[in-house]
Structure formats: structure tokens, C-alpha cells
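These are the residues of each chain, in order.
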2 protein chains.
Amino acid sequence: MATVSRVLNGKEVVREETLRQVLAAAETLHYVPNVAARSLSIRRSHTVGIVLPDVHGEFFSEVIRGIDVAARHAGYHILVSGSHSDVGEMLEVLGAMRGRVDGLIVMAPDVAHASLHQSLPSDLPLVLLNSTDEGRDAITIDNYGGAQAMMRHLAGLGHVHIAFIKGPAQNADARERLRGFRHAMRGLGVTATRHLELAGDFTEESGHAAALKILTLAPRPTALFAANDAMAVGALAALAEAGTAVPGEMSVAGFDDIPIARYVAPPLTTIRVDIADLGRRAFGLLLGAIEQPAGSAAGRRDCIATTLIVRKSSCSPAIHTTTSARPDRKLRGRRKGEES
Amino acid sequence: MATVSRVLNGKEVVREETLRQVLAAAETLHYVPNVAARSLSIRRSHTVGIVLPDVHGEFFSEVIRGIDVAARHAGYHILVSGSHSDVGEMLEVLGAMRGRVDGLIVMAPDVAHASLHQSLPSDLPLVLLNSTDEGRDAITIDNYGGAQAMMRHLAGLGHVHIAFIKGPAQNADARERLRGFRHAMRGLGVTATRHLELAGDFTEESGHAAALKILTLAPRPTALFAANDAMAVGALAALAEAGTAVPGEMSVAGFDDIPIARYVAPPLTTIRVDIADLGRRAFGLLLGAIEQPAGSAAGRRDCIATTLIVRKSSCSPAIHTTTSARPDRKLRGRRKGEES
DNA sequence: CATCCGGATGTAACCGCTTACATCCAGCGC
DNA sequence: GCGCTGGATGTAAGCGGTTACATCCGGATG
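Please read all numbers here as calculations on a predicted model, not as lab measurements.

### Some words on the protein's contact with DNA strand D
- The immediate surroundings of DNA strand D are formed by 23 residues, with Thr18 and Arg43 of chain A together with Ser5, Tyr31 and Ser41 of chain B found nearest.
- In this structure, a phosphate oxygen belonging to DNA strand D sits 3.2 Å away from a side-chain N or O atom of Thr3 of chain A.
- Between a phosphate oxygen of DNA strand D and a main-chain N or O atom of Arg15 of chain A, the distance comes to 3.1 Å.
- Elements that contribute at least two residues to the surface near DNA strand D include exactly helix H1 (2–9) and helix H3 (35–42) of chain A together with helix H1 (2–9) and helix H3 (35–42) of chain B.
- Top element by residues in the surface near DNA strand D is H3 of chain B. It accounts for five residues.
- Its residues placed into classes, the surface near DNA strand D shows 12 nonpolar, seven polar and four charged.

### Here's the deal with the side chain of Asp68 of chain B
- Within the fold, Asp68 of chain B resides in helix H4 (residues 57–73).
- Not counting residues up to four positions away in its chain, the partners in contact with Asp68 of chain B are Val80, Ser81, Gly82 and Ser83 of chain A together with Ile78 of chain B.

### Notes on helix H5 (residues 87–97) of chain A
- Those residues of H5 of chain A that fall on the buried side of the exposure criterion are Val87, Met90, Val93, Leu94 and Met97 of chain A. Along H5 of chain A, the residues classed as buried sweep out an arc of 125° about the axis, all on the same side.

### A word on the interface of chain A and chain B
- Across the contact, 41 residues belong to chain A and 41 residues belong to chain B.
- Between chain A and chain B lies a buried interface of about 3300 Å² when both sides are counted; carbon and sulfur atoms form 58% of it.
- Between the two partners, chain A and chain B, sit zero salt bridges.
- Viewed at the interface, chain B and chain A are joined by 14 residue pairs in polar contact (both at pLDDT 80 or more).
- For the side of chain A that touches chain B, the secondary structure elements donating two or more residues are H3, helix H4 (57–73), strand E2 (77–84) and H5 of chain A.
- Sort the elements by how many residues they give to the side of chain A that touches chain B and H4 of chain A lands first, with nine residues.
- Class assignment of the residues belonging to the side of chain A that touches chain B gives a composition of 18 nonpolar, 14 polar and nine charged.

### With respect to the packing of helix H9 (residues 204–216) of chain B against helix H10 (residues 229–242) of chain B
All names here are of chain B.
- As a packed pair, H9 and H10 sit with axes 6 Å apart at the nearest point and diverge in direction by 50°. As the angle between them shows, H9 and H10 are arranged oblique. As for how H9 packs across H10, the hand of that crossing is right-handed. Across from Glu204, Ser206, Gly207, His208, Ala211, Leu212 and Leu215 in H9, the residues of H10 making contact are Ala230, Met231, Val233, Gly234, Ala235, Ala237, Ala238, Leu239, Glu241 and Ala242.
- Considered class by class, the residues forming the contact of H9 with H10 number 11 nonpolar, four polar and two charged.

### Here we look at the protein's contact with DNA strand C
- Surrounding DNA strand C, one finds 22 residues, the nearest of these being Ser5, Tyr31 and Ser41 of chain A together with Thr18 and Arg43 of chain B.
- When atoms of DNA strand C within 4 Å of the protein are sorted by moiety, sugar and phosphate together comprise 66%.
- Elements with a contribution of two residues or more to the surface near DNA strand C: H1 and H3 of chain A together with H1 and H3 of chain B.
- In terms of residue count, the dominant contributor to the surface near DNA strand C is H3 of chain A (five residues).

### Structural notes on the sheet that holds strand E8 (residues 223–226) of chain B
Residue and element names in this part refer to chain B.
- What the four strands build is an open sheet, ordered E7-E6-E8-E9; its pairing is parallel. Looking at the sheet topology across the chains shown, the edges are occupied by strand E7 (197–198) and strand E9 (251–253).
- Pairing analysis gives three bridges linking E8 to E9, with the strands arranged parallel. The partner of Ala223 across the bridge, within E9, is Ser251.
- Each of strand E6 (162–165) and E7 is contacted by helix H8 (residues 172–187), which is oriented at about 165° to E6, the strand it contacts most.

The rules we used
Counting restarts for each chain, with residues numbered from 1 along the sequence as it is written. In the order they appear in the text, chains get letters beginning with A and ligands get numbers beginning with 1. Note on the predicted model: pLDDT of at least 70 is required for a residue's local features to be given, and 80 or more for side-chain atom pairs to be given and counted; whole-chain, interface and lining totals, by contrast, use all residues. Excluding hydrogens and water, the side-chain values take into account all heavy atoms of the structure. We call a residue near a molecule or strand whenever a single non-hydrogen atom of that residue lies within 4 Å of it. Pairs of N or O atoms are called polar contacts if they sit within 3.5 Å, as long as, within protein, a hydrogen donor faces a hydrogen acceptor (for residues adjacent in sequence, only side-chain-to-side-chain pairs). The way it works is that DSSP assigns letters per residue, a run of H or I at least four long becomes a helix, a run of E at least two long becomes a strand, and they are numbered from the N terminus. Side-chain classes are defined by residue name, with Ala, Val, Leu, Ile, Met, Phe, Trp, Tyr, Cys and Pro counting as nonpolar, Asp, Glu, Lys and Arg as charged, and the others, Gly among them, as polar. The contact criterion used throughout is that any non-hydrogen atoms of two residues lie within 4.5 Å. When a residue's accessible area, from a 1.4 Å probe over protein chains only, is under 20% of the maximum for its type it is buried; when over 50% it is exposed; and in between it is partly exposed. Regarding the arc, it is the one traced by the directions from the helix axis to the C-beta atoms. For any pair of parts, buried area is found by adding up, for both, the accessible area (1.4 Å probe) each one loses once the two are put together. Think of a salt bridge as a Lys or Arg side-chain nitrogen and an Asp or Glu carboxyl oxygen that are within 4 Å of each other. Whenever a helix is involved, its axis is fitted only over the stretch in contact; in every case the axis is a line through C-alpha atoms, and angles between N-to-C directions fall within 0 to 180 degrees. Any angle from 65 to 115 degrees is called roughly perpendicular, while one under 35 is roughly parallel, one over 145 is roughly antiparallel, and all others are oblique. For a crossing to be left-handed, the near helix must be turned anticlockwise from the far one by less than a right angle; the clockwise case is right-handed. Think of it this way: DSSP has to see at least two bridges between two strands before they count as a pair.

This is the structure we're talking about:
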């Protein structure tokens, strides 16, 4: 039976003839190796765990899809647990996965929960998604670079008064995007940006509310950059209700390129993030850590690039709207007519 | 050590005092039971496998979410494998899951692949999603009922000439929706419906193409019912390009209530399917089959209810458009002016 | 006081595989 | 002919639990 094991694992030399016999016998007996016994013996399950918070549809599925194909390719399986609303639940699952998996991919964008980071098992290969922690491997999105790319786009169109709708304060992605915005604004010579930064929490409603506030600013910004697409969509709705033309009177930009971004009116200019790639790379990093436990010191980083997607929601600010003249719909309407 | 096992499983009587000692020791030693050893011994992994074809974002994540929460609640884990483009790949994964899971939830809506059904392990509890097979447990969506509900809605508004954009011929969901449409049409006294049924394959492009064909029918239908939302969205785009007012000249309805359905212009009237519930119930059925293997004869069925969601894309047909007058854009434009 | 009883705990076989080590055997050089 | 060598295969000791069965022990019973 040692020989059978050798044949099935193919890692040792077996006589050609014997090999054939074993294979034939296995075939006729419908033999299927017992996975549990093998795991017990080699202390490896060829399974990786994925723990996600309660993230939404497209993101959730794309991350998993990315990890899934990479894992399948490497002969690994994935044990998934999503929609954890609180840290306690997450820790519980993390505990239950112990022993079942060879490594873990954990997404916990809310850096606030230091308790979680402390409780992560230290004896298991682990990579973090969209959050960092000294001494642990992590994959992040190039939020800073993406935000700067969008700002370059807007600035290139001629915008200077650009408002920004922020994400949750404790969210790592949101913070980086904000950092990118601020840096770009300084580059445009605008140093006092605080009044141009509106609070938001990544929901459509918060985007809606923030957009209404932006309309009251004087001078009124000519462009609005939301830290994610959901808020940009909310903003678009608010602007439509207020009768503000997009992009005529106000350019709007988002971040993420969620699927509906191309269907809203007007289609949204945004930053695309290749989420499946995020998953793929996370698995790659994890696999490396699993296969060479003593491998290069932990703390490896990998960053996912972003792409600027220009659609119809952004354009150059019209000359007359850059002045802070109070909006007068009839008048503007006539002027528009003259122009065309 | 037998006693330790008894304490940890709590299934046998142990002296109060001993129990405390064991627990204390386990605590100080950071003892964590080895899952593989336990599975080997009790021949159960407390894990269920989920195998999905290459389905899209929202559906994928919702099904998994539904199963996930139900499973977690019951102390089970889920092993996921998605995005299988062909049957061979699916079978491979199915094989690899053998021994790793106590049961399987498989989605294979393309009934055409009888080979798959034959190759499904027969010694493992298994429930099918959106496809049926004699003698196997299955959960389906109430496609027939949903389609009828939508038809009742349209008929109630006064529509009689209703076109239908079909889904892939071998897709079980698509077939049932078509059946619902036909039955309802007979109820409306329309017996020859074939010319009102346009081919489609669940993609936006096919919906776009089908809508253009519908515009050429005489008498022109006053309503269009697509077998899924993606095609309805495509149709909406086609109608907008052709300058056909929705819902004024043509009511449009879809099926699924995908997230963007509420963001398109006009918001889409559709049939909502509670997908998370689909997953939840599938797990429930599977759990039953796992816990009483000899349980009631296999072949249990469960059906997910659907809900009619009325939005802005449907309304009563204007009186003049129910006649079969040939469309004349200028003329219709003037008439409209007179009405308002 | 010997026997019996039943609850609590200890013992060891077993789950099915991997793998270090033992064994076997053919070919080789001396 | 003999000891060696090395490749192929057999043997058995784990891996870390579960659980049937044996054992132990204090109290009730005859």
C-alpha cells in the first residue's frame, strides 16, 4: 500500500509496470483517496480560508472569483465566510477555520479594530486585503495613485474648484483616496481644502446629501469627486433633482467603476479597479507564504493598479459657470440657446 | 484523553469537577482540536461544497451569502468553486470535493448537459439549484408564477399585444418564464404567439437586437417582456436610440430585479427574486439530507416565491397606439403636443 | 461481609494515509 | 562465490482524534 501511495502522489520512482497495475486496480475499484486521512498525515489541507466583512455584491463576487481561479489552478480549495457585520463574528469564524486551512486571506478595511489585528493567528500564513499591519503580508489598491489620476484628469479639463466627498474616516481605502485628493489640490495651488471636503460614508444617501451641500458653496465648485461610485451615483441623483446640469454645470467623478456606473445618466467618469486581480494576487502571495514558511520576512506588499475611465459625466467647466454668479435658470437657458 | 474528548464534545456525562479541570487545562495549553483527525474519525467534515457555473456578480454573491449565513448558523463551513465555463471543469471540481464535504449544492441551469447529471456523485447528499432531475433534491425559482404575475400586471394595464424576449433555449429558468408567458397569452385570447416571441440569450446585446425587431412588427406590440433584466436593459437602450418613448409608446418589463434595474431610465418594472433566500433554503434542504441520510425519499422540491416590482417602465397603452396605424414620428409628435 | 450495580474514567483499536526504515533482489567488481 | 550497491517494494509507526469495551470504585443489597 505504500506503493499505491507512491503511485498516486507520483513523487517517487515506481516501476512502469507496477504503476499501470495500480492505476488499473484503482480504476476498477473506483478508489478515491480519503482527503481527511491525507490531511491528517501530511498536516496540510490544500485549502485556504477567505474571510470578508459584509461587502457588497460585485466586489464580493469578484474577489472570490479571482482567488478561486488562482486557487483552482494551484490545486487549492477555498473555504469562504462573508457578511460579518462585527469583529466578534469574524474572530469566531477565524477560530473555526483553524486547522481547516493552510492559509488565510482576510479583508478588514476598518483599521479601527486593532483588536482584530491582534487576534489574527500568528502561526498561519495570512494576507490582508485593503488594510495593512506591520509585519504581515498585504495587498492594497492604489487608491492614492487612482485619486491623483482622476485629479489630473479634472485639472486637465480646467477645473480648480473641486469638491471631494469623503468615505468613512476609519476606512483605509477612503483615507488614501482623500490623501490623493489633498495632494493634487496642493499641486493646483489650492491650500485650504477643508471646506471642499464633505463627509460621506460610502452610501448613496451620503453622496446625495453631500452634493446638496456642495451646491450651496460659494464659489460653487465646478467639479465633484466622490470617494466611491455609490456616493457619486447618489450625488448624480441629487444634482438631477436640483436641476443642475451634469456635466454642463458640474462635472462628477467616482471611484471603483461599479457596473451601474456606465448606466447612470450621464455615464460616470470613474477609476476602475481590477478586483479579480486583487484576489488573484492575494492568493499568489499567500501561496508563497504557505510553501516556504520561513520565506522572506513577512510584510510583503503588493499594490493593484487603477485605470482612469472617462465617460460623459466630466467635461471642461463652461467659462460663465466658473464665475460665482448666482444661478438663474431662465437666463442660463437663453445663453445656452445662443451658444448652440 | 477519552475524557477530554467527552468534555469537548459534551455528548456524554462527565463529573462536574473533571469537566472544569479539562477546560482549564485546555485553556492554559491553548489546545485546539485537530479538525482533520476528527473528520477522519467521525467521517464527517461539517463542510458543504458549492459549485456554480460562471454566473454574474450579484447573483453569485447573493447565493453564497444566503448559504453562508445559514451554514454558519448550523456550524458548517462552505467550500466554494465558481466560474466554471464548461462541464468538464465542473466535474473535475466535483471530484476534488469528494471526501472534503458532507454535501453539495450544485447549480447547473443548462439542462442540456445530461452528462453532468449522470456524473453527479450519488453517494453524497446533493441539492440542485435552478434545475431539476428526477430523484434529486432541488430548489427552483417560481419562474412560471413570476412570469404570470408580470403578465397579469401588463394585461391589467390594458396591454394585449405583448412581445416576449426569450432566454437560452436549454436554460431551465428561461423555459419556465416562456411557459408562463404563453399561458398568460392564451388567457388573453391570443393563441398564435410565436411571432411575438423573439430569440435572446440573456445578454444585453440580444435584448437590444430583439427590441429592434419588435419595432418592426405590425401591429406593433404595446409592451415588451424580457426573460431577464439584462435583456430588458438592452431593449431600453435600443428603444431610446430609436426614439421610442418608454413607457409612452412601449412598456418594458424584465425579470430578476438586478440592482441596476432601478437606475436605468426609466426605472424598470420587473420581478424580484430573493436570491439569498434561494441559498438559505438550499442549505436547509441539504442539511436535512445530511442529517438523516435514509431520510424521506430524495426528490424533495422547494420553490422560491417572486414579487412583482412596478416601476416607471410600464403604463397603460395610449389609445391611439393600440391601433395598428403605421408609425409616423412627426404626426405622433404633434398628437402628443395636443394631448398635453 | 460478599456481591452486585452503575456512573465515571482509562485503554486501545481504528479511521486511511504518508513515510522512514527494513527488506529483497539483480547486477557488479573482486 | 561473496559482499556490495542501489533501485523497487514491503512493513509498521505515526498523524490526532472517537468510541466500544474494560476497569475502577463507592454504595446499596442480601
